[in-house]
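Observations on chain architecture
These are the residues of each chain, in order.
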Amino acid sequence: MTKIKICGIFQEASAELLNQVQPDMAGIILAPGHRRSVGIMTAMAIRAKLDDHIPLYGVFDDQNVMDILTFYGNGLIQGAQLQDDVSEDAVTLLRDKGVPVIQTRRPEAALRDTAADIVQIDTSAGTGTTFDWQAVPPKPLRKKPLMLAGGLNVDNLADAIAQVQPDWVDISSGAEVDGVKDIALMAQLVAIAHAHE
Ligand SMILES: O=C(O)c1ccccc1N[C@@H]1O[C@H](COP(=O)(O)O)[C@@H](O)[C@H]1O
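An unreviewed UniProt entry lists the chain under the name N-(5'-phosphoribosyl)anthranilate isomerase, with Leuconostoc holzapfelii given as the organism. For the chain, the Sequence similarities (unreviewed entry) comment in UniProt is given as "Belongs to the TrpF family." In its Catalytic activity (unreviewed entry) section, the UniProt record describing the chain reads: "N-(5-phospho-beta-D-ribosyl)anthranilate = 1-(2-carboxyphenylamino)-1-deoxy-D-ribulose 5-phosphate".

What follows is the structure, encoded as structure tokens:
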């Protein structure tokens, strides 16, 4: 089974849809200024609606470690997704405080050492764009679980999993119709991911 994260949840109603389709992880954009960014009140409402066993990860643009620790400590998020340029010190500090971390990397930097728990390979940042999956290092070379992201959708997800053999896939745009999370697409995406060995 390939695990699946559905990211960019920005409406309370979408949390109820996630409970119906049961992804392995959900994500909210706590970095400001993006189309799917959420404020604290919406984030709290999403966490309250989402099934307890589905971890909610916050996506951050910079290393506001104190904010991340506060959000983690009060149960708003169960992990942090950090961008490529975040310092290794920040990642290490968060890990030392017990915060699970996903570190986003471009494909060419996939093998760089990191204290993160999961390395996410993405060039899209929520824009729905794919990259050349052949640039992802083959499984035997990887030191950390790999999360594939960027332009994944119901038409290419099975091929992507077969080619890259990721531990996780992460999808935002491909789970939306007219910019809003869609139950039928999310159900298909979860079924495709979970069907793979
Ligand atoms: O989703 C966003 O709006 C976003 C904003 C800023 C940083 C990351 C963001 N999303 C991440 O990008 C991947 C891939 O997105 P897509 O499927 O290509 O739309 C998404 O899963 C998030 O982890």
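Turning to unusual backbone geometry, a few remarks are in order. A positive phi angle, near 55°, is found at Gln22, a position not held by glycine. Assignment of secondary structure puts Gln22 in the loop between helix 1 (12–21) and strand 2 (25–29). Gln22 sits in the partly exposed class, given a relative accessible area of 28%. The backbone of Asp178 shows a phi angle near 50°, a positive value even though the residue is not glycine. Looking at the secondary structure, you find Asp178 in the loop between strand 9 (176–177) and strand 10 (180–181).

Counting residues in hydrophobic clusters, the biggest one holds 51 residues, and the most contacted among them are Ile28, Leu82 and Leu148. Apart from the residues within four sequence positions on either side, Leu82 is in contact with Phe60, Ile68, Val91, Leu94, Val101, Ile102, Gln103 and Thr104. Ranked by size, the runner-up nonpolar core spans six residues in total, among them Tyr57, Ile102, Ile118 and Met147.

So, about the packing of aromatic side chains. Counted under the stated rule, the structure contains one aromatic pair. With a centroid separation of 6.3 Å and an interplanar angle of 15°, the aromatic rings of Phe60 and Phe71 are classed as stacked. A residue pair is termed long-range when its members are at least 10 positions apart, and Phe60 in strand 3 (residues 56–60) and Phe71 in helix 3 (residues 65–73) qualify at eleven residues.

A few words on the confidence of the model for the chain. With 99% of its residues at a pLDDT of 70 or more, the chain has an overall mean of 96. Interface predicted TM-score (ipTM) for the complex: 0.97; the corresponding pTM is 0.97.

It is worth spelling out the site of the ligand at this point. In the vicinity of the ligand there are 21 residues, among which Ser124, Gly151, Asp170, Ser172 and Ser173 approach most closely. Measuring from an oxygen atom of the ligand, one finds a side-chain N or O atom of Asp122 at 3.3 Å. Within the contact set of the ligand, an oxygen atom lies 3.0 Å away from a backbone nitrogen or oxygen of Gly126. Relative to its free-state accessible area of 500 Å², the ligand is covered by the protein chains to the extent of 98%. A breakdown of the residues in the shell around the ligand according to their chemical character gives five nonpolar, twelve polar and four charged.

Further remarks concern the side chain of Arg36. Within the secondary structure, Arg36 sits in the loop between strand 2 and helix 2 (40–49). Judged by its relative accessible area of 8%, Arg36 falls in the buried class. Within the structure, the side chain of Arg36 is placed 2.9 Å from the backbone oxygen of Gly126, a separation counted as a polar contact. Side chain to side chain, Arg36 and Ser173 meet in a polar contact 3.2 Å long.

The next point concerns a negative patch on the surface. Among the surface-exposed residues, Asp61, Asp62, Asp67 and Asp85 lie close enough to one another that they form a single negatively charged patch. Within the element layout of this structure, Asp85 appears in the loop between strand 4 (79–82) and helix 4 (88–96). The exposure class of Asp85 is exposed, given its relative accessible area of 64%.

On to the side chain of Ser14, then. Along the polypeptide, Ser14 turns up in helix 1. Overall, Ser14 belongs to the buried group, its relative accessible area being 3%.

With the rule as written, the count across this model stands at ten salt bridges. Between Glu16 and Lys49 there is a salt bridge whose closest N-O contact spans 3.6 Å. Here Glu16 is found in helix 1, whereas its partner Lys49 is found in helix 2, with 33 residues between them in sequence. The class of Lys49 is partly exposed, set by a relative accessible area of 31%. Here Arg36 and Glu176 are joined by a salt bridge, their closest N and O atoms 2.8 Å apart. Residue Arg36 is found in the loop between strand 2 and helix 2, and its partner Glu176 is found in strand 9; the two are separated by 140 residues along the sequence. Under the relative-accessibility criterion, Glu176 is labelled buried at 12%. When salt bridges with common partners are traced through the structure, they connect Arg35, Arg36, Glu176 and Lys181 into a single cluster.

Conventions used here
Residues numbered from 1 in each chain as written. Predicted model: local features only at pLDDT ≥ 70, side-chain atom pairs only at ≥ 80, totals over all residues. Heavy atoms only, no water. UniProt positions renumbered as here; feature names shortened; annotations may be inferred. Helix = DSSP H or I, 4+ residues; strand = E, 2+ residues; numbered from the N terminus. Buried < 20%, exposed > 50% of the residue type's maximum accessible area, 1.4 Å probe, protein only. Core = buried A, V, L, I, M, F, W, Y, C linked by side-chain atoms within 4.5 Å. Contact = heavy atoms within 4.5 Å. Phe/Tyr/Trp six-rings, centres within 6.5 Å; stacked < 30°, edge-to-face > 60°. pLDDT = per-residue confidence, 0-100. Near = heavy atom within 4 Å. Polar contact = N/O pair within 3.5 Å; in protein donor to acceptor, adjacent residues only side chain to side chain. Areas by Shrake-Rupley, 256 points an atom, 1.4 Å probe, with all protein chains shown as cover. Nonpolar A, V, L, I, M, F, W, Y, C, P; charged D, E, K, R; others polar. Patch = residues over 30% accessible without salt bridge, like charges linked within 9 Å, V, L, I, M, F, W, Y side chains within 5 Å. Salt bridge = Lys/Arg side-chain N within 4 Å of Asp/Glu carboxyl O. Lys, Arg positive; Asp, Glu negative; His and termini not counted. Charge placed at Lys NZ, Arg CZ, Asp CG, Glu CD.

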